[in-house]
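# Observations on chain architecture
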Amino acid sequence: MFDLDVQLVGDIIVAVGSSDVVFSDFGVTAPMSAAVISVEDHGIMEFQLFFTR
């Protein structure tokens, strides 16, 4: 599920949204390094779409 905001700007439909993503759901493991203190197993994916004719 994601949040979505859609607006008509002139003759362009603009859709902006975001969704929480759990990296382990996609087989991505958190990086491990002496320089990395901590890494969460989730993040936010943001996107922006433009629809024109």
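Structure: above.
Below you will find a few notes about this structure. (Residues numbered from 1 in each chain as written. Predicted model: local features only at pLDDT ≥ 70, side-chain atom pairs only at ≥ 80, totals over all residues. Heavy atoms only, no water.)

## Focus on the environment of Leu-8
Note the following rule: A run of H or I in DSSP counts as a helix once it spans at least four residues, and a run of E counts as a strand once it spans at least two, with each numbered from the N terminus. Each residue is placed in one exposure class: buried if its accessible area under a 1.4 Å probe, protein chains only, is under 20% of its type's maximum, exposed if it is over 50%, and partly exposed if it falls in between.
Within the secondary structure, Leu-8 is located in strand 1 (residues 3–9). For Leu-8, a relative accessible area of 63% translates into the label exposed. Taking the C-alpha atoms as reference points, Leu-8 and Phe-51, separated by 43 residues in sequence, lie 9.6 Å from one another.

## Brief notes about the side chain of Ser-19
Rule in force here: In what follows, residue pairs with any heavy atoms lying within 4.5 Å of each other are defined as contacts.
Along the polypeptide, Ser-19 turns up in strand 2 (residues 12–22). Owing to a relative accessible area of 13%, Ser-19 belongs among the buried residues under this scheme. Setting aside chain neighbours within four positions, we find Ser-19 in contact with Met-1, Phe-2, Gly-43, Ile-44 and Met-45.

## So, the packing of aromatic side chains
Each aromatic ring pair is specified by the distance between its two centres and by the angle formed by the two planes. The condition that has to hold: Here is the rule: rings of Phe, Tyr and Trp (six-membered ring for Trp) pair when centre to centre is within 6.5 Å. Planes less than 30 degrees apart are stacked, more than 60 are edge-to-face, and the remainder are tilted.
Under the counting rule described, the total for this entry stands at one aromatic pair. Their ring planes at 80° and their centres at 5.6 Å tell us that Phe-2 and Phe-47 sit as a pair that is edge-to-face. With Phe-2 in the segment before strand 1 and Phe-47 in strand 3 (residues 42–51), this pair connects stretches of sequence that are 45 residues apart. Here Phe-2 falls in the partly exposed class, since its relative accessible area comes to 48%.

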